[in-house]
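A closer look at the structure
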Amino acid sequence: MEQNKEQNKTVSMPRIGDAAPEFKASTTQGDIHFPADYKGEWVILFSHPADFTPVCTSEFMTFASMEDKFAKVNTKLVGLSVDGLYSHIAWLRTIKEKIEYRGMKDIEVNFPLIDDVGMNVAEKYGMIQPNEDSTKAVRAVFFIDPKGIIRSIIYYPLSLGRNFDELYRVIVALQTADAFEVATPADWQIGDDVIVGPAGSCGTAKERMEDEDMDCKDWFFCTKKLDKQKVLNAIMKNI
Ligand code: BEZ
């Protein structure tokens, strides 16, 4: 009964549009002050349930092998689990020295992994979801913009490994929406047509229907071409 009460307690969770909750923490790359240390950059803050577990290992290898790709779109990665620093260090060393998976080997994780044994950060970010597991973080992903605002959140249960191409697509879509004041339709990929805002936000419905650059399916549904190179020029960082 007591346990049920505990599991159903009300917790606060940050939402899209909120400022990312602040914290200081020890990580495998030294201490961080979040999100202040990432001002001017996009950051993906993500949690995993536990070190030395198979799904998490496959995820870390995949994310680490994509770190440069994220860096090119001004995006840093920050991981977290409710394990301690020595466990993190031993697990990452094991990954580098022993694990070969889907053509990935000798994988070095160079992004910070937060020590959150006290669950302080995990609680702040709603990463502990007791009806899934009360002692481990779920697989949460927070996309935070250069001003420290949470722009998207995705949660996965313990058993489901994330799709990292989708996480990259989310970052590129958010940056494209900001740079060109557009929205991105279902399954959008860079180079695909984008959605132009609703009538009123950019011309009347009649003006929009007559605009040759736009393809209007109806007054509320207009798309336009957005060249891949134009998007890349806007979002790629010269590094
Ligand atoms: C895993 O990463 O394999 C895992 C971790 C916690 C619970 C279930 C699976």
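Residues numbered from 1 in each chain as written. Predicted model: local features only at pLDDT ≥ 70, side-chain atom pairs only at ≥ 80, totals over all residues. Heavy atoms only, no water.

On to the nonpolar core, then. Among the nonpolar cores identified, the biggest contains 38 residues, and Ile44, Phe60, Phe63, Phe70, Phe111, Phe143 and Leu167 are the most heavily contacted of them. Secondary-structure elements contributing two or more residues to this core are strand E3 (42-47), helix H2 (54-65), helix H4 (85-98), strand E6 (139-144), strand E7 (150-156), helix H6 (164-180) and helix H8 (228-235). For this core, the leading source of residues is H6, giving eight residues. Not counting residues up to four positions away in its chain, the partners in contact with Leu167 are Phe63, Phe70, Val141, Phe143, Ile154 and Tyr156. (Core = buried A, V, L, I, M, F, W, Y, C linked by side-chain atoms within 4.5 Å. Buried < 20%, exposed > 50% of the residue type's maximum accessible area, 1.4 Å probe, protein only. Helix = DSSP H or I, 4+ residues; strand = E, 2+ residues; numbered from the N terminus. Contact = heavy atoms within 4.5 Å.)

Our focus in this paragraph is the site of the ligand. Around the ligand sit Pro49, Thr53, Pro54, Val55, Cys56, Arg139 and Leu158, and those are all the residues in its vicinity. A distance of 2.9 Å separates an oxygen atom of the ligand from a polar atom in the backbone of Cys56. Out of a free accessible area of 260 Å², the ligand has 77% covered by protein chains. In the shell around the ligand, the residues fall into five nonpolar, one polar and one charged. (Near = heavy atom within 4 Å. Polar contact = N/O pair within 3.5 Å; in protein donor to acceptor, adjacent residues only side chain to side chain. Areas by Shrake-Rupley, 256 points an atom, 1.4 Å probe, with all protein chains shown as cover. Nonpolar A, V, L, I, M, F, W, Y, C, P; charged D, E, K, R; others polar.)

With that out of the way, let us pick up the pairing of strand E4 (residues 75-81). With respect to burial, E4 is a largely interior element, six of its seven residues being buried. In this structure, E3 lies alongside E4, joined through six bridges in parallel fashion. Across the sheet, the residue bridging to Trp42 is Thr75, located in E4. For E4 and strand E5 (residues 113-115), the ladder comprises three bridges, and the chain directions are parallel. If you follow Ser81 over to E5, its bridge partner there is Asp115. (Pairing = 2+ DSSP bridges.)

Once that is clear, we can look at the pattern of salt bridges. Between side chains of opposite charge, a pair can form when the charged atoms approach closely. Taken as a whole and assessed by the stated rule, the structure comprises twelve salt bridges. Residues Lys136 and Asp133 are paired through a salt bridge, measuring 3.8 Å at the closest nitrogen-oxygen approach. For Asp133, a relative accessible area of 16% gives the class buried. Note that Glu166 is salt-bridged to Arg169, the shortest N-O span being 2.7 Å. In this pair, Glu166 and Arg169 are both assigned in helix H6, three residues apart and thus about one turn of the helix distant. Judged by relative accessible area, Glu166 falls into the partly exposed class, the value being 25%. Residues participating in the shared-partner salt-bridge network are Glu59, Arg139 and Arg162. (Salt bridge = Lys/Arg side-chain N within 4 Å of Asp/Glu carboxyl O.)

Turning our attention to a nonpolar patch on the surface. On the surface, Trp219, Phe220 and Phe221 cluster together into a nonpolar patch covering about 340 Å² of accessible area. Secondary-structure assignment places Trp219 in the loop between strand E9 (214-218) and strand E10 (221-224). (Patch = residues over 30% accessible without salt bridge, like charges linked within 9 Å, V, L, I, M, F, W, Y side chains within 5 Å.)

Here H4 is 14 residues long and its end C-alpha atoms lie 20 Å apart, about the 20 Å a rise of 1.5 Å per residue gives. Of the residues making up H4, those classed as buried are His88, Trp91, Leu92 and Ile95. Projected onto a plane normal to the axis of H4, the buried residues spread over an arc of 95° and lie on a single side. Among the exposed residues of H4, those oriented more than 90 degrees off its buried face are Tyr86, Glu97 and Lys98. For H4, the secondary structure elements touched by its buried residues are H2, E4 and E5. (Expected span 1.5 Å × (residues − 1). Arc of directions from axis to C-beta.)

Remember, this is a structural readout, not a statement about activity or role.
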